Amino acid sequence: MVKINWADKKLLHLNKLYISNILSLDDLKNALKPFLEEYSLWKPEFENSEWFDKVITLLRPRACTLLDIVENFRCFHDKEFDYSLSAEDINKSIFNAYPDFINLCFSLSQKLAAIECFTSGNIESLFRSVAEKENVKLGKVCNAARVVITGQAVGASLFEIIEVIGKEKTVFRLNKAAWDEGYLLWLAENSVQIV
């Protein structure tokens with residue numbers, strides 16, 4: 001593990017402020033392009049894409065470096081993305097927090113598929129109603145769903161992420177996780193990608 005001294009932390013913080021508050025969206029997109037190309041994530045249609053702008057706008061507030069954005073971009077890109085959580089993190093975020101995880105995935109996937117106007121507000125309402133019906137805290141439902149949908153334990157607003165990822169990919173990932181109880185643990189233990 002690389003040790004970061006106080007000066008490095010300050011530089012990372014300044015860089016984060018620059019990325020999130022000072023750099024224009026167009027300049028940020030231009031700076032990201034070579035990195036996205038290097039990781040085979042760039043598509044020419046991103047040049048004037050409202051979707052791409054939404055993704056970058058979601059990711060930039062939490063990014064300390066451009067590579068942070070690239071790393072977190074993978075779950076938006078297509079159905080396949082790197083799943084980087086350990087089996088311990090998966091257990092903590094999903095199975096310990098929400099023992100009836102499989103039924104949760106089925107329930108969320110069916111209800112999300114039925115939403116006609118797929119907006120963050122409608123998605124949030126759906127999650128709140130599921131949490132209320134299941135008599136659990138919203139955070140437990142969101143944490144479990146976030147891991148399946150994004151492959152990450154933390155990030156921007158889950159409801160905004162789901163809206164930008166889209167209905168098809170979100171429902172696909174929830175259904176895939178629900179069909180196999182050991183799927184997520186196996187993925188983490190074997191460093192496999194969600195397809």
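Overview of the structure. Each residue is numbered by its place in its chain's sequence as written, counting from 1. Only residues with pLDDT of at least 70 are given local features in this predicted model, and only at 80 or more are side-chain atom pairs given and counted; all residues enter the totals for whole chains, interfaces and linings. The basis for every side-chain value is the complete set of non-hydrogen atoms in the structure, without hydrogens or water.

**A few points about the packing of aromatic side chains**
In plain terms, the rule: Stacked, tilted and edge-to-face are the three classes applied to pairs of Phe, Tyr and Trp rings, where Trp contributes its six-membered ring and a pair requires centres within 6.5 Å; stacked means planes under 30 degrees apart, edge-to-face means over 60, and tilted covers the rest. Here a strand is any run of E in DSSP of at least two residues, a helix any run of H or I of at least four, and the numbering for each starts at the N terminus. Note on classification: 1.4 Å probe, protein chains only; a residue is buried when its accessible area is under 20% of the maximum for its type, exposed when over 50%, partly exposed between these limits.
Under the criterion given, the structure shown has 8 aromatic pairs. Relative to Phe52, the ring of Trp42 has its centre 5.6 Å away and its plane inclined at 90°; by these criteria the two rings are edge-to-face. With Trp42 in the loop between α2 (25-38) and α3 (50-59) and Phe52 in helix α3, this pair connects stretches of sequence that are 10 residues apart. Here Trp42 matches Phe52 in class, with each residue buried. These aromatic residues form a ring-pair network of at least three members: Trp42, Phe46, Trp51, Phe52 and Phe73.

**Things to note about the side chain of Arg146**
For clarity, the threshold we go by: Only heavy atoms enter the contact rule, under which two residues are in contact if any of them lie within 4.5 Å.
Counting through the fold element by element, Arg146 comes out in helix α8 (residues 138-150). Once residues lying within four places of it in the same chain are set aside, the contact partners of Arg146 are Gly151, Gln152, Ala153, Val154, Gly155, Ala156, Ser157, Leu158 and Ile161.

**Concerning unusual backbone geometry**
Even without glycine at this site, Ser40 takes up a positive phi of about 55°. You can see Ser40 is positioned in the loop between α2 and α3. Positive phi, normally seen in glycine, also occurs at Asn135, with a value near 60°. Turning to its location among the elements, Asn135 is positioned in the loop between α7 (120-134) and α8.

**A look at the nonpolar core**
One recurring pattern in soluble globular proteins is that nonpolar side chains are buried together. Short version of the rule: Joining through side-chain atoms within 4.5 Å is the link that ties buried Ala, Val, Leu, Ile, Met, Phe, Trp, Tyr and Cys residues into a set, and such a set is a nonpolar core.
Counting 51 residues, the largest nonpolar core has Phe76, Leu108, Leu112 and Phe127 as the members making the most contacts within it. Taken together, the elements giving at least two residues each to this core come down to α2, α3, α4 (66-77), α6 (101-114), α7, α8, α9 (158-165) and α10 (167-179). Among the elements that take part in this core, α8 stands out by supplying 7 residues, more than any other. Setting aside anything within four residues of it in sequence, one finds Phe127 in contact with Leu108, Leu112, Leu138, Val141, Cys142, Ala145, Leu158, Phe159 and Ile162.

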